[in-house]
Amino acid sequence: MKKIIEGLENFFKTKKMAPFFWRRLFSGEDLGGLEDELPPELLGKVFDADFSEEDDELLSVAKKVFGVKYLYPWQRLVIGNILDAAADASWQGSDSLKGQDPDGDMTDVFCMGRQIVLLPTGAGKSLCFLLPAVMLSGPTLIFYPLLALMADQKRRLESSGIECVVFRGGQSQEEREENFRRIAGGVKIILANPEVLQNAALLERLKGAKISHVAIDEAHCVAEWGDSFRPAYLTLGKIIQDLSVPLVTAFTATASPVVLERVSQVLFGGRTHIVRGESDRPNIRYSVQMAWAKKKAVCRLAAAEEKPMLVFCGTRAKSEDMARELAECLGHDKVRFYHAGLSRDEKTAVEKWFFPKKDAVLCCTCAFGMGVDKSDIRTVIHLEPSPTAESYIQEAGRGGRDKKVSKAILLWSRADSFAYNNIPPSSRAYVLKKFAEGSSCRRQILLDALGGEKALCSGCDICDGKKAATKKGLEWKAPTVFDAADAGLVHKTVRKNQNYYSKNRLVAQAMKKFNDMDIETFGSNIWDSSDINEILEQLEKSGSVYNAGLLWKGNLAAEKDIASSPRRHPLCLHPRRLLPRLPALGLRP
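Residues numbered from 1 in each chain as written. Predicted model: local features only at pLDDT ≥ 70, side-chain atom pairs only at ≥ 80, totals over all residues. Heavy atoms only, no water.

A.B. asks: Can you help me understand the overall build of the protein in this one?
C.D. replies: In terms of helices and strands, the protein carries 27 helices and 15 strands. Each of the 589 residues in the protein was classed as buried or not, and the buried ones make up 53%. For the protein, contacts bridging at least 24 residues in sequence account for 70% of all contacts bridging at least 6. Just so you have it, the protein exposes about 26,700 Å², and 52% of that area is on carbon and sulfur atoms. (Helix = DSSP H or I, 4+ residues; strand = E, 2+ residues; numbered from the N terminus. Buried < 20%, exposed > 50% of the residue type's maximum accessible area, 1.4 Å probe, protein only. Contact = heavy atoms within 4.5 Å. Areas by Shrake-Rupley, 256 points an atom, 1.4 Å probe, with all protein chains shown as cover.)

A.B. asks: Would you mind going over the sheet that holds strand β8 (residues 284–290) with me for this structure?
C.D. replies: Paired through their backbone hydrogen bonds, the strands of a sheet run either parallel or antiparallel. Sheet architecture is open: 6 strands sit in the order β8-β13-β12-β9-β11-β10, paired in parallel fashion. Edge positions in the open sheet fall to β8 and β10 (335–338), since each of these has one partner strand only. Pairwise comparison of adjacent strand axes, ignoring direction, gives a mean angle of 20° for this sheet. Packing of helix α17 (residues 344–354) onto the sheet brings it into contact with β9 (309–312), β10 and β11 (361–364), and relative to β10 it is tilted by some 140°. (Pairing = 2+ DSSP bridges. Axes fitted to C-alpha atoms, helices over the stretch in contact; angles between N-to-C directions.)

A.B. asks: Sorry, what's going on with the side chain of His-220 here?
C.D. replies: Here His-220 lies in helix α12 (residues 220–224). Of the polar contacts made by the side chain of His-220, one reaches the side chain of Gln-394; its length is 3.4 Å. (Polar contact = N/O pair within 3.5 Å; in protein donor to acceptor, adjacent residues only side chain to side chain.)

A.B. asks: Help me understand the pattern of salt bridges, please; the structure alone is not making it clear to me.
C.D. replies: Pairs may arise between side chains of opposite charge once their charged atoms sit close together. Taken as a whole, this structure holds 30 salt bridges when the rule is applied. Salt-bridge contacts for Asp-152 lead to Arg-156; the nearest nitrogen and oxygen are separated by 3.1 Å. Of this pair, Asp-152 and Arg-156 both sit in helix α9 (residues 147–159), 4 residues apart, which is roughly one turn of that helix. The class for Asp-152 is buried, based on a relative accessible area of 12%. Between Asp-518 and Arg-300 there is a salt bridge whose closest N-O contact spans 3.1 Å. Of this pair, Asp-518 sits in helix α25 (residues 503–522) while Arg-300 sits in helix α15 (residues 294–304); the two residues are 218 residues apart in sequence, bridging distant segments of the chain. Given the relative accessible area of 7%, Asp-518 is considered buried. (Salt bridge = Lys/Arg side-chain N within 4 Å of Asp/Glu carboxyl O.)

A.B. asks: What is the right way to read the nonpolar core from this model?
C.D. replies: For soluble globular proteins, nonpolar side chains are generally found buried alongside one another. Of all hydrophobic cores here, the largest spans 78 residues; its most connected members are Phe-167 and Ile-216. Those residues in contact with Phe-167, other than ones at most four positions away along the chain, are Met-150, Arg-176, Asn-179, Phe-180, Ile-183, Ile-190, Leu-191, Ala-192, Asn-193, Val-196, Leu-202 and Leu-206. Residues Cys-457, Ile-462, Val-494 and Ile-535 belong to the second largest nonpolar core, which totals 71 residues. (Core = buried A, V, L, I, M, F, W, Y, C linked by side-chain atoms within 4.5 Å.)

A.B. asks: Which parts of the structure should I look at to understand the sheet that holds strand β2 (residues 140–143)?
C.D. replies: Read across the sheet, 7 strands follow the order β3-β4-β2-β5-β6-β1-β7 without closing on themselves; strand pairing throughout is parallel. Across the chains shown, the open sheet's two edge strands, defined by having one partner strand only, are β3 (164–167) and β7 (273–276). Sheet twist, expressed as the average angle between the axes of neighbouring strands with direction ignored, equals 20°. Of the strand pairs in this sheet, strand β1 (residues 114–118) and strand β6 (residues 247–252) are connected by 5 bridges, and their pairing is parallel. Considered in β6, the bridge of Leu-118 is made with Thr-252.

A.B. asks: Sorry if this is basic, but what is going on with the packing of aromatic side chains here?
C.D. replies: Applying the stated criterion to the full structure yields 14 aromatic pairs. Connected via pairs of aromatic rings, a cluster forms that spans Tyr-338, Trp-353, Phe-354 and Phe-368. The ring of Phe-180 has Arg-205 sitting right over it, with the charged end atom 4.1 Å from the ring centre. (Phe/Tyr/Trp six-rings, centres within 6.5 Å; stacked < 30°, edge-to-face > 60°. Lys NZ or Arg CZ within 6 Å of the ring centre and 35° of its normal.)

A.B. asks: How do you make sense of helix α8 (residues 125–135) when you look at a structure like this?
C.D. replies: Since there are 3.6 residues in each turn of an α-helix, residues three or four apart along the chain are aligned in direction. For α8, a buried count of 8 out of 11 residues is recorded, marking the element as mostly surrounded by other parts of the structure. Three or more residues of α8 are buried, namely Lys-125, Leu-127, Cys-128, Phe-129, Leu-130, Leu-131, Pro-132 and Ala-133.

A.B. asks: Help me understand the pairing of β10 in this model?
C.D. replies: Each regular strand shows side chains that alternate between the opposite faces of the sheet. Across 4 bridges, β10 lies against β11 in parallel orientation. Counterpart to Tyr-338 in the pairing with β11 is Cys-364. With respect to chirality, the unit in which β10 leads through α17 into the neighbouring parallel β11 is right-handed. (Right-handed = clockwise from strand over helix to strand, strands pointing away.)

A.B. asks: Looking at this structure, how should I read the state of the cysteines?
C.D. replies: Such a bond, covalent and formed between the sulfur atoms of two cysteines, is termed a disulfide. Counted by the stated rule, this structure contains 0 disulfides. Not part of a disulfide, Cys-329 finds its nearest cysteine sulfur in Cys-299, a span of 3.5 Å. Residue Cys-329 is classed as buried on the basis of its relative accessible area, which comes to 14%. The closest cysteine sulfur to the non-disulfide-bonded Cys-460 is located on Cys-463, 3.6 Å from its own sulfur. On the accessibility criterion, Cys-460 (1% relative accessible area) is buried. (Disulfide = S-S within 2.5 Å.)

A.B. asks: Sorry, what's going on with the packing of helix α5 (residues 73–87) against α8 here?
C.D. replies: Any two packed helices are characterised by how steeply their axes cross, that is the angle between the axes, and by the distance between the axes. In contact at an axis separation of 9 Å, α5 and α8 are set at 40° when each is read in the N-to-C sense. When you trace α5 past α8, the crossing you get is right-handed. From α5, Gln-75, Val-78, Ile-79, Ile-82 and Leu-83 reach across to α8, where they touch Leu-127, Cys-128, Leu-131, Pro-132 and Met-135. (Left-handed = near helix turned anticlockwise from the far one by under 90°.)

A.B. asks: What is the right way to look at the environment of Ile-162 in this model?
C.D. replies: Here Ile-162 shows up in the loop between α9 and β3. Judged by relative accessible area, which is 10%, Ile-162 ranks as buried. Measuring from C-alpha to C-alpha, the distance between Ile-162 and Lys-188 comes to 8.8 Å, with 26 residues separating the pair along the chain. Apart from residues no more than four positions distant in its own chain, Ile-162 is found in contact with Val-65, Phe-66, Leu-157 and Ile-189.

A.B. asks: Could you clarify how one ought to interpret unusual backbone geometry in this entry?
C.D. replies: Note: most peptide bonds trans; most residues except glycine with negative phi. The step from Lys-307 to Pro-308 runs through a cis peptide bond, and the omega angle for that step is 10°. Note that Pro-308 resides in the loop between α15 and β9. Positive phi is not limited to glycine here, since Ser-244 has a value of about 55°. Tracing the backbone shows Ser-244 in the loop between α13 (236–243) and β6. Of the residues examined, Ser-244 reaches a relative accessible area of 29% and is grouped as partly exposed. At Lys-403, a position not held by glycine, the phi torsion is positive, near 75°.

In structure tokens, the structure reads:
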């Protein structure tokens, strides 16, 4: 396989298209006819699943069991590492079964049996542990973070004719015994979450199953959840040692160096081998929309952008609230919400409703992201920024899993900007502020946060804006939070009528303007006073709109520039002009 990959690299280097080739090959996109120029000895080995299958056991099993026509190079590498480590007799017979390297150093076999694998969403991570599972002598134990994900994987396996057992909380003793009978009968795949193996009796029973391989899916949860509300994740290293499992592989789509270090420490005591594919998803187009009344911005986007659509919300309550607003705008048959607070039956009902839909909008929390695989999502909107760059990439990556173009849109307001002022610039969370307010490629900002590769941007509003301006011979200016159209309209209304509007009158006037603009789209008035007040509060906090003072009966005035925030005296209409004269009037600024 190594010779095949080297041959491909050399061929495309001569074409000066190596980055293009690997990105397209890895993502499964069409190569635009370039495959016709491949040397015959390489062509079949990548693009034709029927080349001498007798000599390619991996592909033969993949095709027979999973219906897979080809394996990507990174899949072959990860799977090969697992199987090679399993086949090494000295590895399996040593103390390293308990997580101790017998030679005291990182041997090749030791590395292959202790991997952290980073592959982007949609790159076929599941096959990297499912294919070895059917080839290894003993069962494979797979840890998932969510019950919904376990149920989804069980459904997929059984639909392919592959048996598996599930261990989860709330099972009866009879269910557990039936699982162990099936394992003894040859079932190769065990699905579980970390919490269920806090049960000492269950862990003791599993020791007798002679588990060959442990796979941890969504391994970033070890770092992101283990130190907070899922402490069971921090016990996985000990569980693996107690089970004496020779092979352990952790999988994730996104992880920064800090997260990788934490995962490595918890699972492997800090000694591991990292396999990293490209983190970039070229088919996702990143953009930031400045909006100070963000729920109404979602309504507008839901009416304009391609669906199916996900709207990620920061809390369960916000997902329900957003769904109600969208239902009023789009119709109650086109919108649902999904979060961890729903019962299993409620989640299943929402999943069955959403999965076949082509025009649906689902308002959700991160609980949806790792639970359901819908490949044709065209637009992913974030009502609030995700906690970290890794989370944002994971959630944005729920779109376009069919390799077709998908949009990822982050809504950003002045309130968001204010909130991030209290976050240290060196923190992982601060990356989202750089992403939203920066003037460089949004895609690269995310990749840099992961310690990932440099990528030629295949679509973001910053790079697209620069290209468009250059083509027209115009000077390009990076968008700022003050370019929000909704905030601009309210500010302009006040500025044109200095000292005229009281707050209540301004709210009524602005509400009418917004509803007049959107009536044709929605057929009814969707803006209410809370939306205008949300904008106005941010304008007042930023200082661009202010109370004109007692002389003007508390009416509102505005600075010429929406981005300005000067000092002012409550009696003054134009504070900067009058401030120097205040001492003469016996007043202090």
